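Remarks on the overall topology
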Amino acid sequence: MALIESLNTHYQANIASRFMRPLLLQLPIKKWVWDVIDSFAQRDVSLFDYQSSNHDDLYQQVLAFCHFITIIRRQLLPVLKNHRSKFSGPDKILMDMAVNAFPSNINLLAEYTKKLYHKLVEFDNATDRAPLYLQYKELEELISHL
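The rules behind each value
Residues numbered from 1 in each chain as written. Predicted model: local features only at pLDDT ≥ 70, side-chain atom pairs only at ≥ 80, totals over all residues. Heavy atoms only, no water. Helix = DSSP H or I, 4+ residues; strand = E, 2+ residues; numbered from the N terminus. Rg over C-alpha atoms; globule rule 2.2 N^0.38 Å. Buried < 20%, exposed > 50% of the residue type's maximum accessible area, 1.4 Å probe, protein only. Contact = heavy atoms within 4.5 Å. Areas by Shrake-Rupley, 256 points an atom, 1.4 Å probe, with all protein chains shown as cover. Arc of directions from axis to C-beta. Salt bridge = Lys/Arg side-chain N within 4 Å of Asp/Glu carboxyl O. Core = buried A, V, L, I, M, F, W, Y, C linked by side-chain atoms within 4.5 Å. Phe/Tyr/Trp six-rings, centres within 6.5 Å; stacked < 30°, edge-to-face > 60°.

With that settled, consider the overall build of the protein chain. A count of helices and strands for the protein chain gives six helices and zero strands. Radius of gyration (C-alpha) of the protein chain: 16 Å, near the 15 Å computed for a compact globule of 146 residues. C-alpha extents for the protein chain along the principal axes are approximately 60 × 30 × 25 Å. For the protein chain, the proportion of its 146 residues judged to be buried stands at 44%. When contacts within the protein chain are restricted to residue pairs at least 6 apart in sequence, long-range pairs at least 24 apart make up 81% of them. A total of about 8200 Å² of accessible surface is found on the protein chain, and carbon and sulfur atoms cover 53% of it.

If you want it as structure tokens, here you go:
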């Protein structure tokens, strides 16, 4: 529960901020990835019940974050320092701070995503049903490259 809240809060405050979101929207991120991440970000975390949650949704969210992070690392981070801010005054300073902190913030988002995946797998393995993570073949590889 705390991990989901941390991931959600970090994403909203440091990744999808008013300074970074316009840059992210220029990336070739598939619509389903945006839809899943936006749904996750809009979720009221205080109402989230890990035990009764649809774990398939959580795996989908982890998968979406993996794709999101991978695209950002490949396409945005290498050119981010060259970004010319359209802001001026105090907003330019805040934009520069957001740009400088963004690589570290993406790394932290990746760590939260990996931890959530491993917690889900741990929970899956403790149940009597077939583990859901086996249905997400690409997820293990994506997680290992985060």
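And the narrative resumes.
Turning to helix α6 (residues 137-144), its buried residues number three or more, namely L139, L142 and I143. Mapping the buried residues of α6 onto a view down its axis gives an arc of 100 degrees, with all of them on the same face. What points out from α6, more than 90 degrees from its buried face, is the exposed set K137, E141 and S144. Considering only its buried residues, α6 is in contact with α4 (55-80) and α5 (90-125).

On to the pattern of salt bridges, then. It is possible for side chains of opposite charge to pair when their charged atoms get near one another. Counted by the stated rule, this structure contains six salt bridges. One salt bridge connects D91 with R18, and the closest N-O pair in it is separated by 2.8 Å. Placement of D91 in helix α5 and of R18 in the loop between α1 (2-15) and α2 (21-24) is noted, with a sequence separation of 73 residues between them. On the basis of relative accessible area, D91 is assigned to the partly exposed category, the value being 26%.

Here the focus is the nonpolar core. Among soluble globular proteins, nonpolar side chains are generally buried collectively. By size, the foremost hydrophobic cluster in this structure holds 48 residues, and its most contacted members are Y11, L24, F68, F102, L109 and L139. Listed by contribution, the elements that provide at least two residues to this core are α1, α2, α3 (31-42), α4, α5 and α6. Per-element tally for this core: the top contributor is α4, with 13 residues. Leaving out residues up to four positions away in the same chain, L24 has contacts with I15, I29, W34, F68, I72, L76 and F102.

Take T113: it is sitting in helix α5. A relative accessible area of 1% places T113 in the buried class. With near-sequence residues (within four places) excluded, T113 lies in contact with L7, V62, F65, C66, I69, I143 and L146.

For any pair of aromatic rings, the description consists of the separation of the ring centres together with the inter-plane angle of the planes. Per the counting criterion, the structure on display carries seven aromatic pairs. On the basis of an interplanar angle of 75 degrees and a centroid distance of 6.3 Å, the ring pair of Y59 and Y117 is categorised as edge-to-face. On the criterion of sequence distance, the pair formed by Y59 in helix α4 and Y117 in helix α5 is long-range, its members being 58 residues apart. Residue Y59 shares its accessibility class with Y117, and that shared class is buried. The structure contains a cluster of three or more aromatic residues connected by ring pairs, namely Y11, W34, F40, F65 and F68.

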